[in-house]
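# Report on the structure
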Amino acid sequence: MGAQQGGIMSLGIGVIGAGVMGADHARTAARLTPGAHLAAIADADLARARAVAEEAGTARATSDPYDVIGDPAVGAVLIASPDHTHVELTLACLEAGKPVLCEKPLAPTAEGCLAVIEAEMALGRRLVQVGFMRRFDPAYGAMRQALAEGRLGRPLLFHAVHRNAVPPSFFEPGMIITNAAVHEIDVARWLLGSEIRSARVIRSGAGEAEAYRDLMLIVLETAAGHLVDVELFMRAHYGYDIRGEVVCERGTVAMAPPALAHVRHAEAESFPFATDWRARFADAYRLQLQAWARAVATGTPTGASAWDGYAATAVADACLASLASGEPAPVAMRPRPAFYG
Ligand code: ISE
């Protein structure tokens, strides 16, 4: 499960998926996670897995994800394979009794998430964390802290903007919601502290065909009455741009632009945008992995649970229903079990 490093036990992390995210996570596990090392990596493309393993120097490469899960040198598993494989692999980790950090979404459907929840509850131990890394982003953290201090009064409304320069190459229809909007859904629940009970999706009818297919507005309502509006635009061209502001009874809290320097030159002020989410959320991904490794070592769960994964996907299901019908859709969710606190 671990290896001695300088006399101290080090957690062996096994990564499933050596694509864009898997390779990044593997590097973070190898270089930036105290008390842990990369023990194994799997990818259907063995050459891709080998390249990451060689770079880390401590890992074994395989094309079989179950080989990583069953490896005695692997104490905890990080799943970064395509979304539709998440449930099966997470269930295998639970069967092996290994802690797992599964990239979001936990599953593309609420039904898939429920299978994980049932297996985790039957096991009787919290082993699943879902990779909603924005919970570890310093900017969102500062917003949540400002809300917790109470001087702004109660939150009323969350405005969010989620723009990608271009849709990711792996996007299939519906992923704008199940893969992208789930972030705002999770952040809304986390900032506002209330479950979402209804969703309405409105599509833009203007612009070039490609642009409007990738642009929509989501309006959510929480059980406590908060409103949430999310602009999703997957073809913004100029860069990756994430924004958020919570309007409260006595003030607002908004995310500051992430660039550390603004340049004024030639009668203009400018600052750079990241190309995609990896650069914008690099700190969040690193802090998430470090916190997960600590949580595994101490046995104290952190971050988003399987329940949070289920709740986000249940709302995504309602968004998809609204997108299809053009009408608001209720969120169908089971009551929260005491197991998830
Ligand atoms: C991508 O899959 C992510 O996970 C990013 O965090 C998100 O912002 C992006 O829109 C998704 O496509």
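It should be noted that the structure appears before, not after, this text.
Residues numbered from 1 in each chain as written. Predicted model: local features only at pLDDT ≥ 70, side-chain atom pairs only at ≥ 80, totals over all residues. Heavy atoms only, no water.

Counting its secondary structure elements, the protein contains eleven helices and 17 strands. Here the C-alpha atoms of the protein give a radius of gyration of 20 Å, agreeing with the 20 Å that 2.2 N^0.38 yields for 341 residues. Within the protein, buried positions represent 52% of all 341 residues. Pairs at least 24 apart in sequence give 70% of the contacts found in the protein among residues at least 6 apart. For the protein, the exposed area adds up to about 15200 Å²; of that, 56% sits on carbon and sulfur atoms. (Helix = DSSP H or I, 4+ residues; strand = E, 2+ residues; numbered from the N terminus. Rg over C-alpha atoms; globule rule 2.2 N^0.38 Å. Buried < 20%, exposed > 50% of the residue type's maximum accessible area, 1.4 Å probe, protein only. Contact = heavy atoms within 4.5 Å. Areas by Shrake-Rupley, 256 points an atom, 1.4 Å probe, with all protein chains shown as cover.)

Contacts to the ligand come from 13 residues, most closely from Lys104, His162, Asn179, His183 and Tyr240. In the environment of the ligand, an oxygen atom lies 2.7 Å from a nitrogen or oxygen atom belonging to the side chain of Lys104. For the ligand, an oxygen atom lies 2.4 Å from a polar atom in the side chain of Tyr240. Look at the ligand: alone it shows 300 Å² of surface, and the protein chains cover 97% of it. Of the pockets mapped on this structure, the ligand occupies the largest pocket. Tallying contributions element by element places helix H7 (residues 175-192) first for the shell around the ligand, with three residues. Counted by class, the shell around the ligand contains seven nonpolar, four polar and two charged residues. (Near = heavy atom within 4 Å. Polar contact = N/O pair within 3.5 Å; in protein donor to acceptor, adjacent residues only side chain to side chain. 1 Å grid on protein atoms, 1.4 Å probe; cavity = no way out; pocket = protein on both sides within 12 Å on 5 of 7 lines; lining within 4 Å. Sits in = over half its atoms within 2 Å of the grid points. Nonpolar A, V, L, I, M, F, W, Y, C, P; charged D, E, K, R; others polar.)

Turning to the environment of Ile185, a few remarks are in order. Position of Ile185 relative to the elements: it lies in helix H7. For the pair formed by Ile185 and Thr313, sequence separation is 128 residues and the distance between their alpha carbons is 8.6 Å.

As a further point, take the sheet that holds strand S12 (residues 241-248). Read across the sheet, seven strands follow the order S13-S12-S8-S11-S10-S9-S17 without closing on themselves; strand pairing throughout is mixed. At either margin of the open sheet sits one strand with a lone partner, and together these are strand S13 (251-254) and strand S17 (329-330). As paired strands, strand S8 (residues 155-163) and S12 are joined by eight bridges and run antiparallel to one another. Within S12, the residue paired with His159 across the bridge is Glu245. Those strands touched by helix H6 (residues 138-149) are S8, S12 and S13, and its axis lies near 0° from that of S12. Of the strands in this sheet, S8, strand S9 (196-203), strand S10 (215-222), strand S11 (227-233) and S12 are in contact with H7, which crosses S8 at around 150°. (Pairing = 2+ DSSP bridges. Axes fitted to C-alpha atoms, helices over the stretch in contact; angles between N-to-C directions.)

The volume enclosed by the largest pocket comes to roughly 870 Å³. Lining of the largest pocket is provided by 43 residues; of these, Ala80, Ser81, Pro82, Asp83 and Phe170 occupy positions nearest its centre. Residue assignment for the lining of the largest pocket shows that the elements contributing at least two residues are helix H1 (20-31), helix H4 (86-96) and H7. Considering every element that reaches the lining of the largest pocket, the biggest residue donor is H7, with five residues. Taken together, the residues of the lining of the largest pocket break down into 22 nonpolar, 15 polar and six charged. Taken together, 19 residues form the lining of the second largest pocket, with Asp137, Pro258, Ala259, Ala279 and Arg280 sitting closest to its centre. (Points joined across faces, edges and corners; volume = space filled by probe spheres on them.)

Here is the key point about a regular strand: its side chains alternate between the two faces of the sheet. By the bridge criterion, four bridges tie S12 to S13 in an arrangement that is antiparallel. Residue pairing in the sheet places Val246 in a bridge with Val253 of S13. Hairpin connection between S12 and S13: a loop of two residues separates the two successive antiparallel strands.

Another aspect to go through is unusual backbone geometry. Omega for the peptide link from Lys104 to Pro105 comes to -10°, which places this bond in the cis form. Along the chain, the position of Pro105 falls in the loop between strand S6 (100-103) and helix H5 (110-123). One non-glycine residue, His237, lies in positive phi territory at about 70°. Secondary-structure assignment places His237 in the loop between S11 and S12. Judged by its relative accessible area of 61%, His237 is exposed. One non-glycine residue with positive phi stands out, namely Glu267, at about 60°. Its place among the elements puts Glu267 in the loop between strand S14 (263-265) and strand S15 (268-270). Take Glu267: its relative accessible area is 84%, and that puts it in the exposed class.

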